Every structure is written in structure tokens, then in C-alpha cells.
4 protein chains.
Amino acid sequence: MPSDDVTGRPGDGTRRRDAAATRRALLLAARTRFTQLGYDRTTLRDVAADAGVNLALIKRYFGSKEGLFKAALASTPRFLGSDGEFPRDRVALAEALSRQLAAGAWAEFGEHPVLMLLRDSGDEQVAQLRRQALAEFGRQVLEASGGSSAPDARLRAELLVALGVGVAVVRSAVGLRPLADATPEDLVGPLRDVVEGLLGPPPD
Amino acid sequence: MPSDDVTGRPGDGTRRRDAAATRRALLLAARTRFTQLGYDRTTLRDVAADAGVNLALIKRYFGSKEGLFKAALASTPRFLGSDGEFPRDRVALAEALSRQLAAGAWAEFGEHPVLMLLRDSGDEQVAQLRRQALAEFGRQVLEASGGSSAPDARLRAELLVALGVGVAVVRSAVGLRPLADATPEDLVGPLRDVVEGLLGPPPD
Amino acid sequence: MPSDDVTGRPGDGTRRRDAAATRRALLLAARTRFTQLGYDRTTLRDVAADAGVNLALIKRYFGSKEGLFKAALASTPRFLGSDGEFPRDRVALAEALSRQLAAGAWAEFGEHPVLMLLRDSGDEQVAQLRRQALAEFGRQVLEASGGSSAPDARLRAELLVALGVGVAVVRSAVGLRPLADATPEDLVGPLRDVVEGLLGPPPD
Amino acid sequence: MPSDDVTGRPGDGTRRRDAAATRRALLLAARTRFTQLGYDRTTLRDVAADAGVNLALIKRYFGSKEGLFKAALASTPRFLGSDGEFPRDRVALAEALSRQLAAGAWAEFGEHPVLMLLRDSGDEQVAQLRRQALAEFGRQVLEASGGSSAPDARLRAELLVALGVGVAVVRSAVGLRPLADATPEDLVGPLRDVVEGLLGPPPD
DNA sequence: AATGAATGAGCTTTCATTCAT
DNA sequence: GATGAATGAAAGCTCATTCAT
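Residues numbered from 1 in each chain as written. Chains lettered and ligands numbered in written order. Predicted model: local features only at pLDDT ≥ 70, side-chain atom pairs only at ≥ 80, totals over all residues. Heavy atoms only, no water.

Let us look at the interface of chain C and chain D. With 41 residues of chain C at the contact, the number on the chain D side is 41 residues. Summing the contributions of chain C and of chain D, the shared interface buries around 3,300 Å²; its carbon and sulfur component is 71%. Summed over the shared surface of chain C and chain D, the result is 4 salt bridges. Counting across the interface, chain C meets chain D through 10 residue pairs in polar contact (both at pLDDT 80 or more). When residues of the side of chain C that touches chain D are traced back to their parent elements, those giving at least two are α1 (19-41), α7 (124-144), α8 (153-174) and α9 (184-199) of chain C. Of all the elements, α8(C) adds the most residues to the side of chain C that touches chain D, at 15 residues. Among the residues forming the side of chain C that touches chain D, the class breakdown is 23 nonpolar, 6 polar and 12 charged. (Contact = heavy atoms within 4.5 Å. Buried area = accessible area lost by both parts, 1.4 Å probe. Salt bridge = Lys/Arg side-chain N within 4 Å of Asp/Glu carboxyl O. Polar contact = N/O pair within 3.5 Å; in protein donor to acceptor, adjacent residues only side chain to side chain. Helix = DSSP H or I, 4+ residues; strand = E, 2+ residues; numbered from the N terminus. Nonpolar A, V, L, I, M, F, W, Y, C, P; charged D, E, K, R; others polar.)

Given below as C-alpha cells:
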């Protein structure tokens, strides 16, 4: 029982013999399962079933479960911008964080995409990817914080990253309430205070 | 002369019929493996081998892998106090957080014990346990914050919980640097700022 | 369909919870299948079915298919003596060869055991074993030939080994007739001539 | 300008619609793989890749893996002559055998072509082919031996065939040394002695 | 004629679990 | 209470084969 098809792909007969579409369907299904269940609990049979394609095509397109996982990881939108539109000041940062963390942004995943980033396949290469992605996020926070005046500026930036990760985990994976139900509006105030506390008050 | 074996690990061969010690040894081994590897990657054979006892005893004492996991979860020291000695004011809270998050506190686990709390066996009962433990932590933070004056006081308390979780994850599971290497001294300053930002300045 | 149970083991209920017997049964079944079908065509499912035991026990006792193969190879009686009773002169050698090659000696296998020695699992370690076994056989032939007077004495000994291998292959695997049907009596005359031709006439 | 491609390996990309060349390329690749790896370890994908043609063409031209195997078998040059130039007396036979067995004759295969003849696909039809080919060889040896005077003349001829098979196996598949390294010159003397021993001295 | 997408069946391996002793 | 043999189910992977274009 491939438990519930959560992808919402066409029933059948529609996409056929379309390599690109097949790849896409597999990636979407994989991302969803990996994000929700983690690496081990995700079976290739279920991913294939969700995508509505044959199991062997996973091998064809991604080589192995690891390959599929890496591809799914790479295709997962990064936490906040990283498409160049990272907020340029602290106030905007708090607002962006609030929006992103209150999910809804990528409701398609069922879970916050940063959870995908935290999934572990046991591959060291994946661990490195994880580190790089979060380090990059920290670097951007540092920039948005204005001058890295304080000697522990980088540490403070990474604490904000950690907060983001923690909120995503506690909301999606744990379901801690009221945090899990908070809207962007609920979050923006407290987050602004944290940002200010960590990065210093806005330059005025 | 059956000498006391407080570690729960038998010398060898001459394991005595000491049910309590066997249980303890199994729990320790299980907690370690579960924390470091997660539920799926932990095999009962390895746990039994680590504990130096027969595999079938896991069934006898804990019924199943799920049972062992729940017992291990219950036996894991909670994040911060929870033995009644939760810090009573914001300054003490920041300090305690710094100490706990900088690990070393429970080096025996190899990883921060809160990670055990985040491990998922797929059982809903476990998810509930997880929620309860973190909710309880949030409640205690709320208390330490003085009066729950603000309407979003509980949300703010849970954001602090989320930060704790996030830091543990980012330090242990991700290894993000410099955060992963930070000492209690490094952390206390920034954390004090976050606590103040979230809970308001100390009443002075 | 585990095609025909050729092992002749008790139907069921007899041997139970007897590790040694289980190992033995698996080895016998494996030897038979490997010898008759080769490495690739032999499935562990069929071996287990033939032995009347559970598939997973192969892992328990031999680690893997390769492990089972190596164990089966090691447990296969060597071509001619090698238990110390190698014929000490040329006449006896021809007679022994005739007897061994006319099979019936190890009818239990269904095929001549030297075929097992020729089976290839792709493992280099196995290839080495193969070489060693045949080299040892060549060495013994050399000894039985009296003094290694001629400079190509070793080559001639190995040609006799090759003849043995060839006869086994052509009889068992190919079924070339009349060679496949020849009795020891049929073979001894011609083989004596070959032995003399290769190793020189008996010292008389 | 479609240049002639006698190797059957296309330059690249511009494979012409030359059915005959495609067939030839496939057969060559198949023969090589089958000879070196055996039936099971040879994958059609690899054969197609070696031949530089599309996988599906194997089906078109040969119907199935079995079909390809049979065609490859049929296209394999027979052991010794069989093109009509079989040696007509014993001395020439020993010399021809030496040359053929010392390989180099069909170095293109990487292995002695008689190994292809021994490869097993599990098909009874193939077994029959195998038998026929070797029986034919035996018949020719019998002829070359002069009159079939002795009652066991046919058996003796087949023993010589078996020797040929054994030498090929022991040289190529086993790598037994010094036999594996012997040159035609090394072999001719001993083989002459075997031929004489088996078929009687040349009529002089 | 030729291509590449898609499929189904089967294999080894791995575990949690259960059963006798 | 404790041991180790035995089992069943499922997973990842591989490959010959078939189907559209």
C-alpha cells in the first residue's frame, strides 16, 4: 500500500513517454516522501507508485536511491531567497523569516522544505551539502546585519539560522502548539525582537 | 563473589542473572544508538551486542523495537532541569541554556540528548511524547519569564524552545561552524540578548 | 519452482534446530546446484529450498552468496587423492585417473566434482583457489612420474591435468559420446598410453 | 559519402542504415563478451554499447538473448580447420593442435574460441550444438588417425578432443602455469607424444 | 530502420521477530 | 532467565524485454 498519493498527478494515460515529465514526477514524489518520512522510511516502490511510473525508471534516471535523494535535495528550494532576493536589512529579514517559517509558502511539500535539508542518508557528501547550504544562509544573514562589527557577529548570524531550523522542526515535525499554528503576522513581532537582540538594533 | 557492575557492561561470559543491570545496559546502548543513528538505522542486534546481552532479551524486557525506543526515550534526561531545578529568572536561563547547548553536559551520548527527542519511529504515541516534553519545557520558560504579561508570551517561550532545538540540531547533526565549536562562554552573551529580546528585559 | 530436490534429505520434521546439520544440508545443496548450474544460475532461494531451510540462514552461516560458494568449493572433494593416497607410479596413475574420470566415484554430485572447481563466481580469490588446486594436482603427477628428468617435465604433467579437466568437461557438461559413456575399463587402456606418451615408459 | 566501415564500429553518431554491418558488429561484440564472461554475466546493454548500436536492434536481428547467443556460437570459428583444411596425418595434427592451443591464433577474442563453445545458456538446443561440434571434431581426428583399426579408436579420438578442450580451459580460464605460458614450440613435442600414444605411431 | 522510454519479474540482502531448548 | 536457531516480509537493485515514436 503506497499509502496515499499526495502528489496530485494525473491519474494515468496523460503523461507517457515523456522523459522530462517522468523525471519531474519522480523528483516531486521523492521530495515529498523524503521530507515527510526521511531517507530510510521512504521506499523506492512507494516513490515510483506516487509518481505513477515504473520502479526501474528510478535507476534509469537517478542511478540509485542515493542518487534520487541527492537530486531531490538539489531540487528543493533553499530556505529563504538564495535566488538573489535575500532581504537587505534587519527589518526585512525578520519579515521574510516570518513569512517563510509560517510555511504556506511551499505548501506543496506538506512540510517545510528545510526538513528535506536535514534528512540524512548517511552519505558524507550529503552532510557536506547540508553544511554548505546552511553556511551560505548564515553568510547572507551576516551581510544583511550591516557591518560585522562585533567579533562574534558570525556566531550570532548562525544562531539566527539555528532558530530558523528549530522553528521549522518544531512546527512541522513536532507540531508544538501554539507555535505550529502561528501565522506570519503572529511571528513577525517576536522575530523582529530576536533579530534585533542578536544583530543589534537597526541602524536607526 | 558477584562484584557490582555499575556500568551494566559485563566483564565477559559470566553475565549474572541481574535483570535490572541488563535492562540498564540495554537502555544505555539503545539511547546511544538511537540518538546517533536514528530509529531505522539502529538494529537490535547492534544494541544487544553493545550491551553485551542476548538479542532475545530485548523482547523479554521491552516487547519490541518500538518498546525499546519508548523506554529509551523516557530514560533520556530532559533538556534542561526538569528535575525541578529549572532556572528561575531570565539571566539564569540564558546561562543554563548556554551550558546545556554547548554540550559536554551529557557527553556520554556522543550527541546532544535533545536529538533523541527528535528521533522518529513513526509511532504516533512517540510524536505525542515529543510534543509533551517540549511543551513542558515551553511552560517552564514561560514561568521563568516572570508574568505572562504579553498576549503572545507563550509563543515567545516556544520560540526559545525552538532555538534550543535548532542549536542542538545545527551543532550535532549538521556541524555548522563556528556554532558547532562554540563554548558556553561564547554562547552566553548572544543568548542573553535573545532571551531579553524575546521575553523582555529583566525586571531589574 | 525450486526444480527437483536432488539432495535426498528427510522430508521435514526430522532435523530441527541443529546448526551443524543445517550447515551441512546447505553445503550439499549448494555444491550440487553450483556444480550443475554454475554460480549465476544458482539462486539462494533454490539452495535453501533444496536444503529445506530458510533462506536467511544462508546469511547466518555463510555471510553471502560468495561465502556460500567458497565454502561449497572448499568442501568439494579434490580431483584424485589429495588425502595423501596419490598413486605412486605411472601405471597406478592411469588406473586411478580412469576410475575417477569414469565418475560414479562421486555420483552424489550428479556431475564430476572437478566441474565445481571450474565454476566462476567472478571473485579473484576463487580464481586463485582454482589455480592452486590444479597446480597441486600437477605437482603430484610430476612426483608420480619418477624423476623430473626432461626439462619440460612440469609442462607434461600439467598436460595430463588438462586432459583430466577436459575429460570431465566433455563427459559431464557436454555429454560427448562414446566418451561420456565409457567405463573405467574402457578408459584405462587409452589413458595408460597417454600417460606413457607424456611421462615416458615405466622405468620397468 | 558513406565510407566503408569494416570493423563494424561506427565512427560516431552517423551510423548508417547498414543492416549487415550492424549484425556483424553485434556478433563480434557478443562473441567476445560471451566468451570472456559467459552467458549470464553478459548483458545485452553492454553488447549493444560495445557494438555501438541501439539495444533494441538486438531484438530485431536476433529475437532474444538466446538468439544472439546461438548466432554468436554459430559464427565462432571452430576448433581447428573445419573449413576443410583439417590435418591429414598424425604429425600434422600434433603441430596444428600446438599452434591452435597456444592461442594467438584468434587473439581477437581475448580467449580461446573453444571457450565460447563451452558457454552454457541453459538451452538444450545449445547443448546439442556443442555436442555436434565436438563430435565432428572427433570424427575428423579419427580420419586423420588413418584406419579406425582399433575397436576403441573413436574413444581415443575423443580423448584427444577432450585434451584440446582441457588445455584451452586450463590455459585461458584457469591460468595454470607453466601451461598457460607455453608457446607452440613448447607444446608440439609433448603433444606429438600424446597423439602417438593415443592413435598409435605414424604408419611410417 | 532505428531510438529511447517504460515495464515486470526476479535476485540478493537485511531485519525484526518467533520458536525450541 | 537466557540462548541461539529459524522464519517471513520487504527492500534496493538489475536486466531482458516490450512499446511508442
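The full set close to DNA strand F counts 40 residues, and R17(A), K65(A), R17(C), N54(C) and R60(C) are the nearest of them. In DNA strand F, the atoms that sit within 4 Å of the protein are 62% sugar and phosphate, with bases accounting for the remainder. One of the backbone N or O atoms of L44(A) is found 3.0 Å from a phosphate oxygen in DNA strand F. At 3.3 Å, a side-chain N or O of K59(D) approaches a phosphate oxygen of DNA strand F. Mapped by element, the contributors of at least two residues to the surface near DNA strand F are α2 (44-51) and α3 (56-62) of chain A, α3 (56-62) of chain B, α1 and α3 (56-62) of chain C together with α2 (44-51) of chain D. Grouping the amino acids of the surface near DNA strand F by side-chain chemistry returns 13 nonpolar, 9 polar and 18 charged. (Near = heavy atom within 4 Å.)

As a matter of local geometry, DNA strand E sits amid 39 residues, with R17(A), N54(A), R60(A), R45(C) and Y61(D) nearest to it. Backbone sugar and phosphate groups make up 60% of those atoms of DNA strand E lying within 4 Å of the protein. Y61(A) has a polar side-chain atom sitting 3.0 Å from a phosphate oxygen of DNA strand E. Separating a phosphate oxygen of DNA strand E from a side-chain N or O atom of K59(B) is a distance of 3.4 Å. Sorting the residues of the surface near DNA strand E by element identifies α1 (19-41) and α3 of chain A, α2 (44-51) of chain B, α2 (44-51) and α3 of chain C together with α3 (56-62) of chain D as the ones contributing at least two each. When the residues that make up the surface near DNA strand E are grouped by side-chain class, the tally is 13 nonpolar, 9 polar and 17 charged.

All right, on to the pattern of salt bridges then. For the structure on display, the rule yields 43 salt bridges over all chains. For D46(C), the salt bridge identified is with R33(C), shortest N-O distance 3.8 Å. Here R33(C) lies in helix α1 and D46(C) lies in helix α2, a separation of 13 residues in the sequence. The same class applies to D46(C) as to R33(C), namely buried. E124(D) serves as the salt-bridge partner of R131(D), at 3.0 Å between the closest nitrogen and oxygen. The exposure class assigned to R131(D) is partly exposed, which follows from its relative accessible area of 26%. When salt bridges that share partners are traced, they join R33(A), D46(A) and D50(A) into one network. (Buried < 20%, exposed > 50% of the residue type's maximum accessible area, 1.4 Å probe, protein only.)

Now for the nonpolar core. Note that soluble globular proteins tend to have their nonpolar side chains buried in a common cluster. Among the nonpolar cores identified, the biggest contains 120 residues, and L160(C), L187(C), L160(D) and L187(D) are the most heavily contacted of them. The residues contacting L160(C), other than those within four sequence positions of it, are L93(C), L97(C), V141(C), V194(C), V195(C), L198(C) and L199(C). In terms of nonpolar packing, the next biggest core, distinct from the first, is built from 119 residues, F69(A), A144(A), L101(B) and L191(B) among them. (Core = buried A, V, L, I, M, F, W, Y, C linked by side-chain atoms within 4.5 Å.)

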